[in-house]
Amino acid sequence: MLQTTPATAAAAIPHAEGVSNEEFRAAMSRLAAGVVLVTAHDPDDGPRGEDVGMTATAFLSVSLDPPLVMVSLRTGSRMDDLLAEQPLWGVSLLAETQRQVAGRFAMKGRVSDRLLFKDLAYERGEVCGAPLITGALATLECRTEQRVEAGDHTLVIGRVLTVGLAGPDTGPLTYFKGRYRHLA
């Protein structure tokens, strides 16, 4: 009987189900998603702390009673590490006119978040203390209720503490086939 080491078996078939990373990514790119900016304030980073932001498309409503939402964060990312320590965070549901905001916070190898927030219009959440982007379709302030490890991501479930609906009456920014889009 031929025996293989785990490394050899993993190289032959990337996943037990036989789906490659490329196939899975291509299939999921065909699922349209809303785009949000998740924000938190890191009080431990310097004398006044630092604001942190991350663009996300894996965000959804979980429950009406109590009001819960969920965001998927890459395990070990700056936002994942921060939300493991800081239970309060904000979400801005981006409007179709806010493509540049989404792109700015989605950059890999980007500069410090302090510079990314520098020229953005935002209000600081009264409860979470995080930036909430002006002109967003809606804003939410959340408190982490649960964290679930799921593969290479952490699912963060948050209780919605406040909702802001002051945004414009416009369409949402969406993400489809690897590009930001707007509804026609």
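Up top is the structure these notes are about.
Just so you know, these numbers come straight off a predicted model, no measurement behind them.

1. Details of the nonpolar core
Turning to step 1, where the next piece is worked out: Among the nonpolar cores identified, the biggest contains 19 residues, and Val 71, Met 79 and Trp 89 are the most heavily contacted of them.
Turning to step 2, where the next piece is worked out: When residues of this core are traced back to their parent elements, those giving at least two are β2 (36–42), β3 (50–56), β5 (68–74), α3 (78–85), β6 (88–93), β9 (138–150) and β10 (153–164).
Turning to step 3, where the next piece is worked out: Excluding its chain neighbours within four sequence positions, the residues that come into contact with Val 71 are Val 38, Ala 56, Ala 58, Phe 59, Trp 89, Thr 154, Leu 155 and Val 156.
Turning to step 4, where the next piece is worked out: One finds Val 35, Leu 94, Ile 133 and Leu 173 within the second-largest nonpolar core, a separate group that totals 12 residues.

2. Points about the environment of Ala 33
Turning to step 1, where the next piece is worked out: Locating Ala 33 in the fold gives a position in strand β1 (residues 33–34).
Turning to step 2, where the next piece is worked out: The class for Ala 33 is buried, based on a relative accessible area of 17%.
Turning to step 3, where the next piece is worked out: In the structure, Ala 33 is positioned 142 residues away from Tyr 175 in sequence and 5.2 Å away in space, judged by C-alpha atoms.
Turning to step 4, where the next piece is worked out: If near-sequence neighbours (up to four positions away) are discounted, Ala 33 is found in contact with Thr 57, Leu 173, Thr 174 and Tyr 175.

3. Overview of the sheet that holds β1
Turning to step 1, where the next piece is worked out: On the basis of which strands lie adjacent, the open sheet formed by three strands has the order β1-β11-β12 and antiparallel pairing. Only two strands of the sheet have a single partner each, and these edge strands are β1 and β12 (179–182).
Turning to step 2, where the next piece is worked out: Pairing between β1 and strand β11 (residues 173–176): two bridges, direction antiparallel. Paired with Ala 33 across the strands is Tyr 175, a residue of β11.
Turning to step 3, where the next piece is worked out: Lying over the sheet, helix α4 (residues 99–106) contacts β11 and β12, oriented at roughly 160° with respect to β12.

Here is what the cut-offs are and how they apply
Residues numbered from 1 in each chain as written. Predicted model: local features only at pLDDT ≥ 70, side-chain atom pairs only at ≥ 80, totals over all residues. Heavy atoms only, no water. Core = buried A, V, L, I, M, F, W, Y, C linked by side-chain atoms within 4.5 Å. Buried < 20%, exposed > 50% of the residue type's maximum accessible area, 1.4 Å probe, protein only. Helix = DSSP H or I, 4+ residues; strand = E, 2+ residues; numbered from the N terminus. Contact = heavy atoms within 4.5 Å. Pairing = 2+ DSSP bridges. Axes fitted to C-alpha atoms, helices over the stretch in contact; angles between N-to-C directions.

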